[in-house]
Amino acid sequence: MKLSKHILFLGMVVLTMLTACNDDQSYADRLNEERNAVNAYLANHRVVMSIPEDSIFEVGEDAPFYRIDPDGNVYMQVIKAGDRVGDRAKKGDRIYFRYSRYSLAIWYAEKLMEVYSSNENSMDAQSCSFTYADYTLPSTSQWGYGLQYPLNFLGVECEVNLVIKSQFGFTSEISYVMPFLYHVRYFRSMI
């Protein structure tokens, strides 16, 4: 019995070492690629490195991307601001959203901008939602921090494009170190 456990343990160690040896890139290399992909994408757009002091953002397809996370993990282009005075999200509000996302890593490597995942254009697709500002809930934390950032500044019925680095994206995908461009519309009720 001890011999079989020892052999099983050695087999697991060898398998782990082989897997590690096959990994072409270090985590630092992946982070560097992620930064390069994001920078290359943003180089094609106007970028404002801070939030406007009055929190009045330019709006529309030609609006700049604003760095809304101090560390540069999230950039936002406001397509539609929503009602910033009368319809702001409050902690605990259930917020529904429709999105499409595009891998900036694939775009950077292959110059291909294709939908990576989406629920935006199909009413048959799963409704997505989170509880605003409550990351203790798995149903909220699974989406990462980046998707909630716009609601700190805009009304609930807003529409934005977001560049989100992996650390602020879907929690199940953080280790992939893949940045995404999101197109997101937020709603109070499920549509």
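What counts and how
- Residues numbered from 1 in each chain as written.
- Predicted model: local features only at pLDDT ≥ 70, side-chain atom pairs only at ≥ 80, totals over all residues.
- Heavy atoms only, no water.
- Helix = DSSP H or I, 4+ residues; strand = E, 2+ residues; numbered from the N terminus.
- Buried < 20%, exposed > 50% of the residue type's maximum accessible area, 1.4 Å probe, protein only.
- Contact = heavy atoms within 4.5 Å.
- pLDDT = per-residue confidence, 0-100.
- Polar contact = N/O pair within 3.5 Å; in protein donor to acceptor, adjacent residues only side chain to side chain.
- Phe/Tyr/Trp six-rings, centres within 6.5 Å; stacked < 30°, edge-to-face > 60°.
- Lys NZ or Arg CZ within 6 Å of the ring centre and 35° of its normal.
- Core = buried A, V, L, I, M, F, W, Y, C linked by side-chain atoms within 4.5 Å.
- Salt bridge = Lys/Arg side-chain N within 4 Å of Asp/Glu carboxyl O.

Caption draft 1: Up close: the overall build of the protein chain. Broken down by element type, the protein chain carries four helices and eight strands. Every one of the 191 residues in the protein chain was classed for burial, and the buried ones make up 42%. Taking the contacts inside the protein chain whose residues are at least 6 apart along the sequence as the reference set, 62% of them involve residues at least 24 apart.

Caption draft 2: Looking closely at unusual backbone geometry. Of note in this structure, Ala 133 is not a glycine but carries a positive phi near 65 degrees. With respect to the element layout, Ala 133 can be found in the loop between strand S6 (128–131) and helix H4 (138–141). Positioned with a positive phi, Val 177 is a non-glycine residue whose angle comes to about 50 degrees. In this structure, Val 177 sits in the loop between strand S7 (159–164) and strand S8 (180–187). Its relative accessible area of 6% is what places Val 177 among the buried residues.

Caption draft 3: Region of the structure containing the confidence of the model for the protein chain. Of the residues in the protein chain, 86% reach a pLDDT of 70 or more, and the chain-wide mean stands at 88. For the stretch residues 1–22, pLDDT sits under 50, and the model shows zero contacts to residues farther than four places along the chain or on other chains.

Caption draft 4: Structural view of the environment of Leu 162. Within the secondary structure, Leu 162 is located in strand S7. Residue class for Leu 162 comes out buried when judged on its relative accessible area of 0%. Spatially, the C-alpha atoms of Leu 162 and Leu 147 are 7.9 Å apart, while their sequence positions differ by 15 residues. Filtering out sequence-adjacent residues up to four positions away, Leu 162 remains in contact with Val 74, Tyr 75, Met 76, Gly 146, Leu 147, Pro 150, Phe 180, Leu 181, Tyr 182, Val 184 and Tyr 186.

Caption draft 5: How the structure looks around the side chain of Gln 77. Within the secondary structure layout, Gln 77 lies in strand S3 (residues 74–80). Here the side chain of Gln 77 touches Glu 61 through a polar contact of 3.1 Å, landing on its backbone oxygen. Within the structure, Gln 77 has its side chain in polar contact with the backbone oxygen of Ala 63 (distance 2.7 Å).

Caption draft 6: Layout of the packing of aromatic side chains. Inspection of the entire model under this criterion finds 17 aromatic pairs. Summarising the aromatic geometry, the rings of Phe 170 and Tyr 182 are spaced 6.0 Å apart at their centres and angled 55 degrees between planes, so their arrangement reads as tilted. Taken as a pair, Phe 170 in the loop between S7 and S8 and Tyr 182 in strand S8 lie far apart in primary sequence, 12 residues in all. Phe 170 gets classed as buried once you look at its relative accessible area, which sits at 10%. The interplanar angle of 65 degrees and the centroid separation of 6.1 Å between the aromatic rings of Phe 180 and Tyr 182 together place this pair among those described as edge-to-face. Assessed through its relative accessible area of 4%, Phe 180 is described here as buried. Through a chain of ring-to-ring contacts, the aromatic side chains of Phe 97, Tyr 99, Tyr 116, Phe 130, Trp 143, Phe 170, Phe 180, Tyr 182 and Tyr 186 assemble into a single cluster. Over the ring of Phe 180 we find Arg 101; its NZ or CZ atom is 4.1 Å from the centre of that ring.

Caption draft 7: Up close: the nonpolar core. The biggest cluster of nonpolar side chains holds 32 residues, and the ones touching the most others in it are Leu 147, Leu 162 and Tyr 186. Contributing elements (two or more residues each) for this core: S3, strand S4 (94–103), S6, S7 and S8. Counting residues per element, this core draws most heavily on S8, which supplies four residues. Residue contacts for Tyr 186: discarding those within four places in its chain leaves Ile 95, Tyr 96, Phe 97, Phe 130, Leu 147, Pro 150, Leu 151, Val 156, Glu 157, Cys 158, Val 160 and Leu 162. Counting 11 residues, the second-largest nonpolar core is a separate cluster that includes Val 38, Tyr 41, Trp 107 and Val 163.

Caption draft 8: Summary view of the pattern of salt bridges. Evaluated as defined, the whole model comprises five salt bridges. Taking the shortest distance from any N to any O, the salt bridge between Arg 188 and Asp 87 comes out at 2.8 Å. Of the two residues, Arg 188 is situated in the segment after S8 and Asp 87 in the loop between S3 and S4; the sequence distance between them amounts to 101 residues. Of the charged contacts in the structure, one is a salt bridge between Arg 101 and Glu 173, with a shortest N-O distance of 2.8 Å. Placement of the pair is Arg 101 in strand S4 and Glu 173 in the loop between S7 and S8, with a sequence separation of 72 residues.

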